[in-house]
Amino acid sequence: MTPQEPLLQFWAEGLPNMLHGLQVSVALAGVSMIIGLPLGLIFCMMVMSRNRFVSVLGLVIVEIGRGMPALIILYLVYFGLPSFGVLLDSFPSAIIALAWNYSCYCSEIFRAGIQAVPHGQNEAGDALGLDGNVTFLYVILPQAFRSIIPALLGQTILLFQDTSLAYTVAVPELMKEAYTYGSTTFQYLRVFVLAGLCYAVITLPASWITRWLERRLALSY
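Model, not experiment: these values are computed from the prediction.

Colleague: I'm lost on unusual backbone geometry in this one. Help?
Modeller: Only a minority of non-glycine residues have a phi that is not negative, and only a minority of peptide bonds are not trans. Positive phi, normally seen in glycine, also occurs at Ala170, with a value near 70°. Looking at the element boundaries, Ala170 is found in the loop between helix H6 (132–162) and helix H7 (174–185). Here Phe186, not a glycine, exhibits a phi torsion of approximately 60°, which is positive. Secondary-structure assignment places Phe186 in the loop between H7 and helix H8 (188–220). According to the relative accessible area criterion, Phe186 is exposed, its value standing at 61%.

What follows is the structure in structure tokens.
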């Protein structure tokens, strides 16, 4: 490779490895989302619990997960757990860290959406003789989801972008492949522009879908 090599040719040579890294990034974000969404709902229920101990415990978990940068959480999982005899590979370590961080933010999104549902919905469920859990699952939660879906999608986009942190523990995701290609060609500007375009292939359509869905949901109210 020489500095005069045409840009498109340079990108074409590095694209296969970059696309492999992109697949790893998407897989990492997907698994973290699958784990983080239900975990976020559980944390939300803990924070909203009438049991003070459960509520405080949930609040502590959520605030720690939101208060610490995802990179610090990743380091604590990957480098800290071995001190307690727990050895994890880089990929599961990244999943645990990202899922926890994601679930804590989703917890607050869930809580805001649930609290936005008029209290009269609970009263209507009581008047119909519905059990509290039934009212929550079939009356409150579906209405809450209408308002929180755009926010959840936006948080999921941020989760995908945060997968770039996993390169610090040698997960072969997109940024890792970009650094590897850059270290062999020394054309870092070209490499990182290509990496940015690869991220944009995912994030831009996802952002458009989020905005479109937000408008549709707003019109349906």
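Colleague: Hey, could you run me through the state of the cysteines in this one?
Modeller: Among covalent bonds in proteins, the disulfide is the one between the sulfur atoms of two cysteines. One pass over the structure, following the stated rule, counts zero disulfides. Cys44 takes part in no disulfide bond, and the closest cysteine sulfur to it belongs to Cys106, at a distance of 11 Å. The exposure class assigned to Cys44 is buried, which follows from its relative accessible area of 0%.

Colleague: Can you help me understand the nonpolar core in this one?
Modeller: Looking at soluble globular proteins, one finds that nonpolar side chains tend to be buried together. Ranked by size, the top nonpolar core spans 41 residues in total, and within it Met18 and Ile114 carry the most contacts. Examining the composition of this core, we find that nine residues originate from one element, helix H4 (residues 90–116), more than from any other. The contact partners of Met18, leaving out residues within four places of it in the chain, are Leu174, Glu177, Ala178, Val191, Leu194, Ala195 and Cys198. Counting residues in each nonpolar core, the second largest holds five residues, with Phe43, Met46, Val62 and Cys104 among its members.

Colleague: What is the right way to read the UniProt feature "transmembrane region" (unreviewed entry) in the protein from this model?
Modeller: Within the UniProt annotation, "transmembrane region" (unreviewed entry) is assigned to residues 20–44, 56–81 and 188–209. Its end C-alpha atoms 25 Å apart, residues 56–81 is made of 88% helix and 0% strand. Measuring from the first to the last C-alpha atom of residues 188–209 gives 31 Å, for a span that is 100% helix and 0% strand.

Colleague: Explain the pattern of salt bridges to me, please; I cannot follow it from the model alone.
Modeller: In a structure, side chains of opposite charge can pair up when their charged atoms sit close to one another. Enumeration over the complete set of coordinates arrives at two salt bridges. Two residues, Glu63 and Arg66, come together in a salt bridge whose shortest N-O distance is 3.2 Å. One end of the pair is Glu63 and the other is Arg66, both in helix H2 (residues 52–67) and three residues apart, which spans about a single turn. As a salt-bridge pair, Glu108 and Arg111 come within 2.7 Å of each other at their nearest N and O atoms. Here Glu108 pairs with Arg111, and both are found in helix H4, just three residues apart, close to one helical turn.

Basis of the calculations
- Residues numbered from 1 in each chain as written.
- Predicted model: local features only at pLDDT ≥ 70, side-chain atom pairs only at ≥ 80, totals over all residues.
- Heavy atoms only, no water.
- Helix = DSSP H or I, 4+ residues; strand = E, 2+ residues; numbered from the N terminus.
- Buried < 20%, exposed > 50% of the residue type's maximum accessible area, 1.4 Å probe, protein only.
- Disulfide = S-S within 2.5 Å.
- Core = buried A, V, L, I, M, F, W, Y, C linked by side-chain atoms within 4.5 Å.
- Contact = heavy atoms within 4.5 Å.
- UniProt positions renumbered as here; feature names shortened; annotations may be inferred.
- Salt bridge = Lys/Arg side-chain N within 4 Å of Asp/Glu carboxyl O.

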